[in-house]
Protein chains: 2
Amino acid sequence: MTFRYNNVYINATSTVAGPYEQKGPLKNYYDATYDDFYINMDTFEQAESKMIEDSVDILLSKIGKTKFDIDLFLSGDLLNQIASSSYAASRLGIPFMGVYNACATSVEGLIIGANMVENKQIKNCICAVSSHNNAAEKQFRYPVEYGGPKPKTATFTTTGSASAYLSSNKEQIKVDSSTVGSVVDLGIKDVYHMGAVMAPAAADTIFKHLRDTKREIGYYDLILTGDLGVYGRDILKEYMKTEYGIELKNYNDTACMIYDREKQPVYAGGSGPACAPLVTYSYILNKMKKKEYHRILLVATGALHSPTMVNQKLSIPAIAHAISLEVVE
Amino acid sequence: MTFRYNNVYINATSTVAGPYEQKGPLKNYYDATYDDFYINMDTFEQAESKMIEDSVDILLSKIGKTKFDIDLFLSGDLLNQIASSSYAASRLGIPFMGVYNACATSVEGLIIGANMVENKQIKNCICAVSSHNNAAEKQFRYPVEYGGPKPKTATFTTTGSASAYLSSNKEQIKVDSSTVGSVVDLGIKDVYHMGAVMAPAAADTIFKHLRDTKREIGYYDLILTGDLGVYGRDILKEYMKTEYGIELKNYNDTACMIYDREKQPVYAGGSGPACAPLVTYSYILNKMKKKEYHRILLVATGALHSPTMVNQKLSIPAIAHAISLEVVE
């Protein structure tokens, strides 16, 4: 399902990031970073929720508005019951809709928000996501204190929150179109190889986006997937070529950009709902504003991984949502 | 945030329900019921996901369409990572957006879908939810096999799935307007008294809906909250009167309608995302089609309860979303 927009802009974004991101190659692009995983809160989960609040506070100050000026808050995260988002929404008090498509949540929120802004159902919205490495490890695998080793195909959940302000005020970054993905499940059960789980979903969504918009892959200066990691990235390239006959040019994956894999113990790269927007809302939009990129397609990828279902020997479904951003000339 | 619609109809609904609902007062209104909690699946969680599929299959047959005719599937549920919905979406293959606002998820999905149908961004969508008593108890509290006693203010999670087909084809049930709620948290930490947790959120949303639509409470033949239960229902009535000066007339709560509390061991009544739509999509829409009700306001209430956050001594935030349905004369 592909939507076109004539009337939606990303007027501002905000990114806050954790201690590993703070030492990564994009460290100078975030609005704020934290030196530890607790950020003065009692628990990792409360820290994650606090990051959303901090990100939204920074965003509101950038646009010179208060929470009372915002029509809708769309947010989701990896915690069970998207608790980080719910508790942040509680303190913000903006009309709230919780969304969840794992690490594709950021673009899911953008699509719902953009659709409502396009037809003036809302005048503006804030779309947020978060993830927290230690909170996610504890919930999905084991507490990091256990020190369990992982295979090299594992990814490292990013710690941070990113938010975007959408409205119809014409500014430099236009939301051009979006594609809602379908769930794809090729039968993979390996929770340490999410790149392989998600690559087919990314391929499916990229293919449908190009088909629906009647565009060639070269239309975009950059195709950017969310968190496939170095192995998933290669799988996607191979898979797109063999299954769809499409050669992925001008392609990168935010999981491969957010850390320095040579120096940081992050396995195949970053992951988590915050990964794609942390990179896109900081480094990539900066490049777009300098007109180094004119048109990008952000494809956030989500492994709809449920530990309960995986323990029951089911495979892991995946989804990818795409959003096309353009620089207004 | 209140939306008005001129172009959105609920053309069909479908309800499938579990063994307790099958013995309740609305037993003759469901499309299908199951005699046990496993419904031929290996686990409760897989049974919950299967119920969504069954509900959608019945819905598709009612409207004479296949999954290929549907533009968007919006679904959410109580399982961690909304796994029931994700796995059902995987088998359905319809473009999917996962939503989560606990037991307010049904109306959240309807609002997102209605907003997109209103402006012809999509031609149609299916909005589904599910809940499963044993799966929810296991995840949020203790496995039911432990036989733990509960206080009388506890509610009994409904087992079932409900789905609705929305399009702009003019039929008898029109979606008139909707109101997205904000999160309300009055500091309650009692996980066995969700009615008290959610009543203030319901009051806030009802008040804002009436204010935004410039309507009096008497405009509606029926105001229907989701799952407050008998104690929460009384709290809401009292709270609306004292805090907002509004006397709730023509009011009921689906939690108080779905079971026979005299004969069934359901404490204060039903709950779960399926509760409100199981009652509304079967019994209430039936009454609307017979013109016994002309205008109803369905206010789905959600306790954004996270066991992790409650174990950390945080209070439970709540939300309520409202949707107004009208019979086309």
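All residue numbers refer to positions counted from 1 along the written sequence of the respective chain. Working convention: letters from A go to chains and numbers from 1 go to ligands, in the order in which they are written. The predicted nature of this model means local features are confined to residues of pLDDT at least 70 and side-chain atom pairs, given and counted, to a pLDDT of 80 or more, with totals for whole chains, interfaces and linings taken over all residues.

Strands are runs of DSSP state E lasting at least 2 residues, helices are runs of H or I lasting at least 4, and numbering of each runs from the N terminus. Within chain A one finds eight helices and 14 strands. In terms of overall dimensions, chain A is globule-like: its C-alpha atoms have a radius of gyration of 18 Å, near the 20 Å expected for 329 residues. Based on the C-alpha atoms only, the size of chain A along its principal axes is roughly 50 × 50 × 35 Å. Within chain A, contacts between residues separated by at least 24 positions form 78% of all contacts whose residues are at least 6 apart in sequence. The size measure is the radius of gyration over C-alpha atoms, and the globule rule it meets is 2.2 Å times the number of residues to the 0.38 power. This entry defines residue contacts through backbone-placed C-beta atoms, with two residues in contact when those atoms are within 7 Å.

Attention now goes to the relation of the copies chain A and chain B. Only residues with pLDDT of at least 70 in both copies contribute their C-alpha atoms to the least-squares superposition of the copies. Superposing chain A onto chain B takes a rotation of 180° plus a shift of 0.0 Å along the axis, which leaves an RMSD of 0.0 Å. The relationship between the two copies is best expressed as a two-fold rotation axis. Taking C-alpha positions as the reference, the residue of chain A nearest the rotation axis is Val99 of chain A, at 2.2 Å. Most of the interface of chain A is mirrored in chain B: 98% of its interface residues are interface residues there too.

What follows deals with helix H7 (residues 275-289) of chain A. Residues and elements named next belong to chain A. One fewer than the residue count of a helix, multiplied by 1.5 Å, yields its expected span. Under the 1.5 Å per step criterion, the end-to-end length of H7 is 20 Å for 15 residues, consistent within 8% with the ideal 21 Å. At Tyr281, H7 shows its maximal bend, which comes to roughly 35°. Between the buried cut of 20 or more and the exposed cut of 12 or fewer other C-beta atoms within 10 Å of a residue's own C-beta lies the partly exposed class, and all C-beta atoms are placed from the backbone. Along H7, 11 of the 15 residues are buried, which leaves the element largely enclosed by surrounding structure. Looking only at H7, the buried set comprises Cys275, Ala276, Pro277, Leu278, Val279, Thr280, Tyr281, Ser282, Ile284, Leu285 and Met288. Downstream of H7 by a residue or two, Lys291 has a phi angle that is positive, lying close to 65°. The reported bend at a residue is simply the angle between two axes, fitted to the 7 residues ending at it and to the 7 residues beginning with it.

Residue and element names in this part refer to chain A. Note that the domain bounds reflect an automated or database-derived domain assignment. Once the domains are mapped, chain A shows domain 1 (2-167) and domain 2 (173-327). For domain 1 versus domain 2, the separation of C-alpha centres amounts to 18 Å. With 50 residues of domain 1 at the interface, the matching set in domain 2 holds 59 residues. If one sorts the elements of the side of domain 1 that touches domain 2 by residue count, helix H3 (residues 105-118) sits on top with seven residues. For the side of domain 1 that touches domain 2, the class distribution of residues is 27 nonpolar, 16 polar and seven charged. Classification used: nonpolar for Ala, Val, Leu, Ile, Met, Phe, Trp, Tyr, Cys and Pro, charged for Asp, Glu, Lys and Arg, polar for all others including Gly.

Moving on to the packing of helix H1 (residues 44-63) of chain B against helix H2 (residues 83-92) of chain B. Residue and element names in this part refer to chain B. Across the interface, H1 lies against H2 with an axial gap of 8 Å and an inter-helix angle of 50°. As far as their axial angle goes, H2 and H1 are oblique. Judged by the sense of rotation from one axis to the other, the crossing of H1 with H2 is right-handed. For the pair H1 and H2, the contacting residues are Glu45, Glu48, Ser49, Ile52, Glu53 and Val56 in the first and Ala83, Ser84, Ser85, Tyr87, Ala88, Arg91 and Leu92 in the second. Of the residues belonging to the contact of H1 with H2, the class tally is six nonpolar, three polar and four charged. Geometry is summarised by axes, namely lines fitted to C-alpha atoms with helices restricted to the contacting stretch, and by angles between N-to-C directions that run from 0 to 180 degrees. Orientation categories follow fixed angle ranges, with anything under 35 degrees roughly parallel, anything over 145 roughly antiparallel, 65 to 115 roughly perpendicular, and all other angles oblique. Crossing handedness is read from the near helix: turned anticlockwise from the far helix by less than a right angle, it gives a left-handed crossing, and turned clockwise, a right-handed one.

Let us look at the pairing of strand S6 (residues 124-131) of chain A. Taken residue by residue, a regular strand's side chains alternate between the two faces of the sheet. Residue and element names in this part refer to chain A. Buried residues dominate S6, accounting for seven of its eight residues. Two strands form a pair only when DSSP identifies at least two bridges running between them. Relative to S6, strand S4 (residues 73-77) is paired through five bridges, and the arrangement is parallel. What sits directly across from Phe73, in S6, is Ile126. In this sheet, strand S8 (residues 160-167) lies alongside S6 in antiparallel orientation, the contact comprising eight bridges. By the bridge assignment, Val129 is partnered in S8 with Ala162.

This part covers the nonpolar core. Nonpolar side chains tend toward joint burial in soluble globular proteins. By our criterion, buried Ala, Val, Leu, Ile, Met, Phe, Trp, Tyr and Cys residues that link up through C-beta atoms within 7 Å make up a nonpolar core. By size, the foremost hydrophobic cluster in this structure holds 242 residues, and its most contacted members are Leu72 and Leu298 of chain A together with Leu72 and Leu298 of chain B. Contacts of Leu298 of chain B, omitting those with residues within four sequence positions, involve Val107, Leu224, Ala276, Thr280, Ala322, Ile323 and Leu325 of chain B.

Moving on, we get to the interface of chain A and chain B. Listed as interface residues are 47 residues of chain A and, on the opposing side, 46 residues of chain B. Of all the secondary structure elements, the ones that give two or more residues to the side of chain A that touches chain B are helix H1 (44-63), helix H2 (83-92), strand S5 (96-98), H3 and helix H8 (307-311) of chain A.

Looking now at the pairing of strand S9 (residues 173-179) of chain A. All names here are of chain A. Counting buried residues along S9, five of its seven residues qualify, which places the element largely inside the surrounding structure. Where strand S1 (residues 2-4) meets S9, three bridges bridge the pair, whose relative direction is antiparallel. Residue pairing in the sheet places Thr2 in a bridge with Thr179 of S9. With six bridges joining them, S9 and strand S14 (residues 318-327) adopt antiparallel strand pairing. Note that in S14 the partner of Thr179 across the bridge is Ala322.

Turning our attention to the environment of Ser177 of chain B. Residue and element names in this part refer to chain B. Note that Ser177 resides in strand S9 (residues 173-179). A residue is classified by how many C-beta atoms lie within 10 Å of it, and Ser177, with 21 of them, is buried. Separated by 21 residues in sequence, Ser177 and Met198 have C-alpha atoms that sit 22 Å apart. Not counting residues up to four positions away in its chain, the partners in contact with Ser177 are Thr2, Phe3, Arg4, Tyr5, Thr213 and Ser324.

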